[in-house]
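Given next are the chains, with one letter for each unit.
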Amino acid sequence: MEGVAMKLPSFKSLAPTAISVASTFSIRRSFSVARRSSSLSATITADSEPVSLGHRARKDFRILHQEVNGSKLVYLDSAATSQKPASVLEALQNYYEFYNSNVHRGIHYLSAKATDEFELARKKVARFINASDSREIVFTRNATEAINLVAYSWGLSNLKPGDEVILTVAEHHSCIVPWQIVSQKTGAVLKFVTLNEDEVPDIDMLREMISEKTKLVAVHHVSNVLASSLPIEEIVVWAHDVGAKVLVDACQSVPHMVVDVQKLNADFLVASSHKMCGPTGIGFLYGKSDLLLAMPPFLGGGEMISDVFLDHSTYAEPPSRFEAGTPAIGEAIALGAACDYLSDIGMPKIHEYEVELAKYLYEKLASVPDVRIYGPRPSESVQRAALCSFNVEGLHPTDLATFLDQQHGVAIRSGHHCAQPLHRYLGVNASARASLYFYNTKEDVDSFIFALADTVSFFNSFK
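Fair warning: this is a prediction, and the values are worked out from it, not measured in the lab. (Residues numbered from 1 in each chain as written. Predicted model: local features only at pLDDT ≥ 70, side-chain atom pairs only at ≥ 80, totals over all residues. Heavy atoms only, no water.)

## Some details on the nonpolar core
Core analysis: the largest hydrophobic core is formed by 106 residues, its most contacted members being Phe390, Phe438 and Phe448. Broken down by element, the residue count for this core peaks at 11 residues, all from helix α12 (residues 329-345). The two domains that each donate at least three residues to this core are domain 1 (53-76 + 347-461) and domain 2 (86-344). If near-sequence neighbours (up to four positions away) are discounted, Phe438 is found in contact with Leu53, Gly54, Ala57, Phe61, Cys277, Tyr341, Leu342, Ile345, Ile350, Tyr353 and Glu354. With 26 residues, the next largest nonpolar core counts Val150, Val182, Ala188 and Leu285 among its residues. (Core = buried A, V, L, I, M, F, W, Y, C linked by side-chain atoms within 4.5 Å. Buried < 20%, exposed > 50% of the residue type's maximum accessible area, 1.4 Å probe, protein only. Helix = DSSP H or I, 4+ residues; strand = E, 2+ residues; numbered from the N terminus. Domains from an automatic or database assignment. Contact = heavy atoms within 4.5 Å.)

What follows is the structure, encoded as structure tokens:
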């Protein structure tokens, strides 16, 4: 069924249909509260539940306090990009207003100030993931570029015909395509771990797949589609036993839980600023010092050199070796501010709250008829990330997302989520995805479920 990018009439709601569907789905809450234009976080009475982290955090995110298409915005797309708190926006603005200058190249006050703040941000990122040295942090445009850096610098230098790189079918395109390109250039072989009956990557298969031929295991920490997580510490042990390296795509874990690179012991780890309350245009690579020292440059130009002669050049030590040209200075500083903001709240507190939200989202969504949720069921031993990728029988996810946005102000994502191989494995072309962050609340989930019921009823009326 093809999606229809329709522009629907701007009516507020389909009240008779909505009431009927709400009754069918046994939705007991008062949705008049969720639908009114005032903030969902307002009006918390003395006898109500304790104020959640989501309610407390919302004040820092001005973007969440607005109407979209005549409805209160309910933002459930944080797996694609997170919103930015005021302190992060202020850090970015302060750089451009008060000490905008290029880094590492000047002795005047503005340049020295910019350099100090830029390198302080690197230290903040290192501290946030518990790297042993800030020189193990390389700033990149995003996590995709960080993976490409490893693929082209380490991969082209270390992989040879017959070597094996192990991935899973659940990887983001950014952790598949670079290795396809490198394998075509080197003759290395890509091997893919499939899913088990619980719809998570089969860890037993992964362990059996690792052999003396394995040179790299490149896997996600938390899936952006399945909401599942992988036991990285165990995978690292298995890989290191045969001399293989491990690269971890931590884009969906670093923003949501404590990630300790020394404890994980992975060789490389990548993450993206914009998914952790920071600005777009910057991400980072963590690499063990000995590996970075042995890797050749990824890009050539200014900043990454030691000396340049007409017939050859020598290169700077990491991380400068991998940061050619003028970096995203303001964005790096704002990423540092995002690390401060998340640390001030406390990553254990964020994770604990999101585990509760994740269970609530799954249970509410699973109660809706004809909904198929992908990934494992939550249980005492299985904690899902705070997202659900799903389909409604007979409805295209793009139609679903369009109606939710235009008629209810609910922002979710539809498509393949940069995971086409996974969707093909699941037997679908696309899915809808609702993803939460610590600034979301159970009321957001309730509003989403109410809006989903109305949406399903609307489309079913044409059958």
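## Considering the pattern of salt bridges
In a structure, side chains of opposite charge can pair up when their charged atoms sit close to one another. Under the counting rule described, the total for this entry stands at 16 salt bridges. Taking the shortest distance from any N to any O, the salt bridge between Arg122 and Glu323 comes out at 2.8 Å. Of the two residues, Arg122 sits in helix α5 (residues 109-128) while Glu323 sits in the loop between β12 (313-315) and α12, which places them 201 residues apart along the sequence. Here Arg122 matches Glu323 in class, with each residue buried. Among the salt bridges present, the one from Lys191 reaches Glu164, with a minimum N-O distance of 3.9 Å. With a gap of 27 residues between them, Lys191 in strand β6 (residues 189-193) and Glu164 in strand β5 (residues 164-168) connect regions that are remote in the sequence. Through salt bridges with shared partners, a single network forms among Glu119, Arg122 and Glu323. (Salt bridge = Lys/Arg side-chain N within 4 Å of Asp/Glu carboxyl O.)

## Remarks on the packing of helix α13 (residues 347-366) against helix α16 (residues 442-460)
It is at 10 Å that the axes of α13 and α16 come closest, and there the two elements cross at 20°. The angle between α13 and α16 places the two elements in the roughly parallel class. Here α13 and α16 pass one another in a crossing that is right-handed. In contact with Glu356, Leu357, Tyr360, Leu361, Lys364 and Leu365 of α13, α16 contributes Lys442, Val445, Asp446, Phe448, Ile449 and Leu452. Class assignment of the residues belonging to the contact of α13 with α16 gives a composition of eight nonpolar, no polar and four charged. (Axes fitted to C-alpha atoms, helices over the stretch in contact; angles between N-to-C directions. Parallel < 35°, antiparallel > 145°, perpendicular 65-115°, else oblique. Left-handed = near helix turned anticlockwise from the far one by under 90°. Nonpolar A, V, L, I, M, F, W, Y, C, P; charged D, E, K, R; others polar.)

## Looking at the layout of surface pockets
Over the atoms, a rolled probe matching the size of one water molecule traces out where space is still vacant. In this model, the second largest pocket occupies a volume close to 370 Å³. In terms of lining, the second largest pocket is formed by 22 residues, of which the most central are Ala79, His172, His274, Lys275 and Cys418. Its residues assigned to classes, the lining of the second largest pocket shows seven nonpolar, 11 polar and four charged. Counting residues domain by domain, the lining of the second largest pocket receives three or more from each of domain 1 (53-76 + 347-461) and domain 2 (86-344). (1 Å grid on protein atoms, 1.4 Å probe; cavity = no way out; pocket = protein on both sides within 12 Å on 5 of 7 lines; lining within 4 Å. Points joined across faces, edges and corners; volume = space filled by probe spheres on them.)

## Some details on α16
With 19 residues, α16 should reach 27 Å at 1.5 Å per residue; the first-to-last C-alpha distance of 27 Å fits that figure. The buried fraction of α16 is high, at 16 of 19 residues. (Expected span 1.5 Å × (residues − 1).)

## Some details on unusual backbone geometry
Look at the link from Pro318 to Pro319: it is a cis peptide, with omega at 5°. Residue position: Pro319 is located in the loop between β12 and α12. One non-glycine residue, Ala227, adopts positive backbone phi at about 65°. Take Ala227: it is sitting in the loop between β7 (214-220) and α9 (232-241). Judged by its relative accessible area of 1%, Ala227 is buried. Here the phi dihedral of His417 falls at roughly 55°; this positive angle occurs in a residue that is not glycine. If you trace the backbone, His417 turns up in the loop between β16 (413-415) and α15 (420-426).

## Here's the deal with the sheet that holds β7
Either a parallel or an antiparallel arrangement is found when strands of a sheet pair, and the pairing is made through backbone hydrogen bonds. Strand order in the open sheet formed by seven strands is β4-β10-β9-β8-β7-β5-β6, with mixed pairing between adjacent strands. The strands lining the two open edges of the sheet, one partner per strand, are β4 (137-140) and β6. Going from strand to strand, the sheet's axes swing by 20° on average, the running direction of each strand aside. With five bridges joining them, β5 and β6 adopt parallel strand pairing. (Pairing = 2+ DSSP bridges.)

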